[in-house]
Amino acid sequence: MAALQQNVAMTTSDAAPPAVVMPPPPYRRQPGESLVPTYTLTEEEQATLDQFRRNLSDLQLPEHQAFCSDACLVRYLRARNFQLPKSEALLRETLKWRSEEARFDKLDVDGIMTEYASGKLYAHGFDRRGRPVQYQKPRRQNTKPNANQIWQVAYTLEREASAMDLSLGVEQHVLVVDFKGYSLFNAPSMSTTKAVMNILLNQYPERLGDAFMVDAPGLFHVAYRAISPFIPAQTKAKIHFVKRSGKGGRNGKMDPEFARCFDDDQLEEDYGGTLPSTYDHEKYWAQEKLYWQQVLDMHEADTRAKTEAEPGATPVASRKIGGDAKGSEDASASVSAPPTPSVVSRSPSASSPRPGYNATFSVRV
């Protein structure tokens, strides 16, 4: 479809990035580009993967077929120790979730924007292996428990996936949770915690590379013990409890665990690195609105091509991303498009077209 080949590459610049937190630029993949794996499957594992693909021959929706790449199937197999029946059940549940709930074009844009407004959660930069990094700072909690808190997590994971360089075998992200100022007043509710855990473990299995818990207090350890039985052993092994500062890294200011994954210029300055850590919501969201609008336009063009081919079909209305830092009463309100931001490319393929996308969120890996 024409929409799937559309080039939505952002403007690049040789200028230094602004001294504020900015979302990672989407990786510009060639259409049809697939992951170059950094692992080797055994003969038995390859046979299981081949059977997994044969079992999915009944999938009819193009977005489901596109989602089920070999890299995706291997992640689901790893999540269930290559037990095919359990892996297939998990994948089919995810496909159902994506079709019925996680539809990019149905999300409350302004509601999610409000969740981002305080800088409590955002994607920023990459570690030494090229994995996008997500920062969470619970002390900046700005809303009461609601569905958009969950969708903010899912959307951020999708944005991180859009920035993963497949040619380098990148298929995971890094999580940094800063517990400075953590208390009962800003701690997520148990229901929210369980919902987020479900998203992370069941809808995005094996997407987590490493998780750093910075200065985790006793209150968190109590909550962690409560949810620990639901966390797979392989996921627990990725969780590291670290200090805000240490003697690691080139500058001698990082916790040794941070120094294992980050160079000084890849980690925010709050943790011993030199990456800017000032969150400016207006600048951050201006770039996110541009990205979101481009993906939404691609979805609408794709949907329009399908519906207009049907006799008596209802025309597809265009939707514009609107709102400000406080959110908008009308999610479909049209606003002036934000200026195209300058994005410093990290990839030699920055000028190549973005890949296709499907109706459930954006880029698939």
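Residues numbered from 1 in each chain as written. Predicted model: local features only at pLDDT ≥ 70, side-chain atom pairs only at ≥ 80, totals over all residues. Heavy atoms only, no water.

**Q** Let's hear about the packing of helix α4 (residues 84-100) against helix α7 (residues 190-203): which residues, and what values?
**A** At a closest axis distance of 10 Å, the pairing of α4 and α7 adopts a crossing angle of 120°. Taken as axis vectors, α4 and α7 run oblique relative to one another. Where α4 approaches α7, its residues L90, E93, T94, W97 and R98 are matched on the opposing element by I199, N202 and Q203. Here the residues of the contact of α4 with α7 sort into three nonpolar, three polar and two charged. (Axes fitted to C-alpha atoms, helices over the stretch in contact; angles between N-to-C directions. Helix = DSSP H or I, 4+ residues; strand = E, 2+ residues; numbered from the N terminus. Parallel < 35°, antiparallel > 145°, perpendicular 65-115°, else oblique. Contact = heavy atoms within 4.5 Å. Nonpolar A, V, L, I, M, F, W, Y, C, P; charged D, E, K, R; others polar.)

**Q** Explain the packing of aromatic side chains to me, using residue names and the numbers behind them.
**A** Enumeration according to the criterion identifies 21 aromatic pairs in this entry. Taking the centre distance of 6.2 Å and the plane angle of 65° together, the rings of Y122 and Y284 count as edge-to-face. With Y122 in strand β1 (residues 121-126) and Y284 in helix α11 (residues 281-307), this residue pair connects regions lying 162 residues apart in the sequence. Relative to W292, the ring of Y155 has its centre 4.5 Å away and its plane inclined at 15°; by these criteria the two rings are stacked. With Y155 in helix α6 (residues 147-162) and W292 in helix α11, this pair connects stretches of sequence that are 137 residues apart. In this pair, the class of Y155 matches that of W292, namely buried. Among the aromatic residues, ring-to-ring pairing joins Y116, Y122, Y135, Y155, F212, F258, F262, Y271, Y279, Y284, W285 and W292 into one connected group. The positively charged end of R78 is found above the aromatic ring belonging to Y39, 5.4 Å away from the centroid. Cation over ring: R159 sits above Y291, and NZ or CZ is 4.2 Å from the ring centre. (Phe/Tyr/Trp six-rings, centres within 6.5 Å; stacked < 30°, edge-to-face > 60°. Buried < 20%, exposed > 50% of the residue type's maximum accessible area, 1.4 Å probe, protein only. Lys NZ or Arg CZ within 6 Å of the ring centre and 35° of its normal.)

**Q** If you had to explain the pairing of strand β4 (residues 208-214) to someone new, which residues and values would you point to?
**A** A regular strand carries its side chains on alternate faces of the sheet. The buried count for β4 comes to seven of seven residues, which makes it a mostly enclosed element. Examined bridge by bridge, strand β3 (residues 173-178) and β4 share six bridges and lie parallel to one another. Directly across from D178, in β4, lies its bridge partner V214. For the segment spanning β3, α7 and β4, crossover handedness is right-handed. (Pairing = 2+ DSSP bridges. Right-handed = clockwise from strand over helix to strand, strands pointing away.)

**Q** So what's going on with the sheet that holds strand β5 (residues 239-242)? Which residues, and what values?
**A** If you walk across this open sheet you meet the five strands as β1-β2-β3-β4-β5, and the pairing is mixed. Edge positions in the sheet fall to β1 and β5, since each of these pairs with one other strand and no more. If you compare each strand with its neighbour and ignore which way they point, the axes differ by 25° on average. As judged from the four bridges shared by β1 and strand β2 (residues 132-136), these two strands associate in the antiparallel manner.

**Q** Requested: an account of unusual backbone geometry, with residues and values cited.
**A** Positive phi, close to 55°, is recorded for N81, a residue that is not glycine. Structurally, N81 can be placed in the loop between α3 (70-79) and α4. In this structure N81 comes out as exposed when scored by relative accessible area, which is 55%.

**Q** Which residues make up the environment of K86, and what values go with them?
**A** Tracing the backbone shows K86 in helix α4. Each C-alpha atom of the pair K86 and Y76 lies 8.9 Å from the other, and the pair is ten residues apart in sequence.

**Q** Could you give an account of α7, with specific residues and numbers?
**A** The terminal C-alpha atoms of α7, which comprises 14 residues, lie 19 Å apart, in line with the 20 Å expected from a rise of 1.5 Å per residue. Among all positions of α7, only T192, T193, V196, M197, I199, L201 and Q203 are buried. Packing partners of the buried residues in α7 comprise α3, α4, α6, α8 (218-227) and α9 (233-236). (Expected span 1.5 Å × (residues − 1).)

**Q** Tell me about the environment of K289, and please be specific about residues and values.
**A** Along the chain, K289 turns up in helix α11. Exposure remark for K289: the relative accessible area of 15% places this residue in the buried category. Spatially, the C-alpha atom of K289 lies 9.1 Å from that of V109, the residues being 180 residues apart in sequence.

**Q** I'd like to hear about the confidence of the model for the chain, residue by residue, with values.
**A** Counting all residues, the mean pLDDT for the chain is 80, and 78% of those residues have values of 70 or more. Of the regions scoring below 50 in pLDDT, residues 1-16 engages in 40 contacts with residues more than four places distant in sequence or in other chains. Long-range and interchain partners of residues 324-365, a stretch whose pLDDT sits below 50, account for 131 contacts in this model, where long-range means more than four residues apart. (pLDDT = per-residue confidence, 0-100.)

**Q** Can you tell me about the environment of L184, naming the residues and giving the values?
**A** Mapped onto the elements, L184 comes out in the loop between β3 and α7. With relative accessibility at 70%, the residue L184 sits in the exposed group.

**Q** Report on the side chain of Q266, specifying residues and quantitative values.
**A** Looking at the element boundaries, Q266 is found in the loop between α10 (256-261) and α11. Separated by 3.5 Å, the side chain of Q266 and the backbone oxygen of D127 make a polar contact. At 3.2 Å, the side chain of Q266 forms a polar contact with the backbone nitrogen of R128. In this structure Q266 touches F126, D127, R128, Y135, C261 and L275, once residues within four positions along its chain are discounted. (Polar contact = N/O pair within 3.5 Å; in protein donor to acceptor, adjacent residues only side chain to side chain.)

**Q** Any chance you could break down the packing of α3 against α4 for me, citing the residues and the numbers?
**A** Two elements in contact, α3 and α4, have axes separated by 8 Å at closest approach and are oriented at 120°. Taken together, α3 and α4 sit at an angle that is classed as oblique. Crossing handedness for the pair α3 and α4: right-handed. Of the residues in α4, those in contact with C72, L73, Y76, L77 and A79 of α3 are L84, S87, L90, L91 and T94. Class assignment for the residues of the contact of α3 with α4 results in eight nonpolar, two polar and no charged. (Left-handed = near helix turned anticlockwise from the far one by under 90°.)

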